[in-house]
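As a plain string of letters, each chain reads:
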Amino acid sequence: LMFGIAHLHHFRHLTRHAGYDRERSMRIVCFQAGYTTLFGIYASFLFLRTGHFVAPFLSHAFCNYMGLPELHRLNSSKDKNILIVAYLAGIIGFFALLMPLTNPEWYNPYIWNFVPSET
C-alpha cells in the first residue's frame, strides 16, 4: 500500500504541468496507485522469498524500463494473434515459474536465520 501511496504526488504534476483537468488526473493517479500497490506486494514477496534486496530492485528497474503493456495497440497490429499468444505465454510462464524461481533454498535468505549462537 505504501508503494502505491508514494506515487500520489503525480496528481500535482498532471494538473499543474501536464495540463490535465482534475478528474482525468485523479483517474490516472488512482490507476497508477493501484498497479504500483500490486507491484509493491510483488516486490515484498520477492524480498521475503529470496531474503535479498537485489530481486525487488532488479524487478523494479525492469518494470520501470518496460512500462505497462500497450494493449490498445493490439487492434491495429498486423501480428495481433502472435502478440496475444506471446502475452498469454508470458502470463502463464510468470505464474508457473514464480514459486520455483524464488525458492528460498537457492538464495540462502539470511534474514530468516534466527538461530541463536551457542556461546
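Attention in this report is confined to the structure presented alongside it. Per-chain numbering applies: the sequence of each chain, read as written, is numbered from 1 onward. A pLDDT threshold of at least 70 governs which residues receive local features in this predicted model, and a stricter bar of 80 or more applies before side-chain atom pairs are shown or counted, although totals over entire chains, interfaces and linings include all residues. The basis for every side-chain value is the complete set of heavy atoms in the structure, and neither hydrogens nor water enter the calculation.

1. Details of the overall build of the protein chain
Counted only if it meets this: Numbered from the N terminus, helices here are DSSP runs of H or I no shorter than four residues, and strands are runs of E no shorter than two. Only protein chains enter the accessibility calculation, which uses a 1.4 Å probe; a residue whose area is less than 20% of its type maximum is buried, one above 50% is exposed, and one in between is partly exposed. Only heavy atoms matter for contacts: two residues are in contact if any of them lie within 4.5 Å across the pair. Methods summary: accessible areas were calculated by the Shrake-Rupley approach with a probe of 1.4 Å, and residue burial reflects only the protein chains presented.
Along the backbone of the protein chain there are 6 helices and 0 strands. Along the protein chain, from the amino end to the carboxyl end, the secondary structure elements read α-α-α-α-α-α. Buried residues in the protein chain amount to 20% of all 119 residues. In the protein chain, 49% of the contacts between residues at least 6 apart in sequence involve partners at least 24 apart. Carbon together with sulfur atoms contributes 67% to the accessible area of the protein chain, which is approximately 9,600 Å² in total.

2. A word on the pattern of salt bridges
Basically, it comes down to this: Salt bridges are identified by distance alone: a Lys or Arg side-chain nitrogen within 4 Å of an Asp or Glu carboxyl oxygen.
All chains considered together, the criterion is met by 1 salt bridge. A salt bridge links E70 to R73; its shortest N-O distance comes to 2.4 Å. Exposure remark for E70: the relative accessible area of 41% places this residue in the partly exposed category. On the basis of relative accessible area, R73 is assigned to the partly exposed category, the value being 48%.

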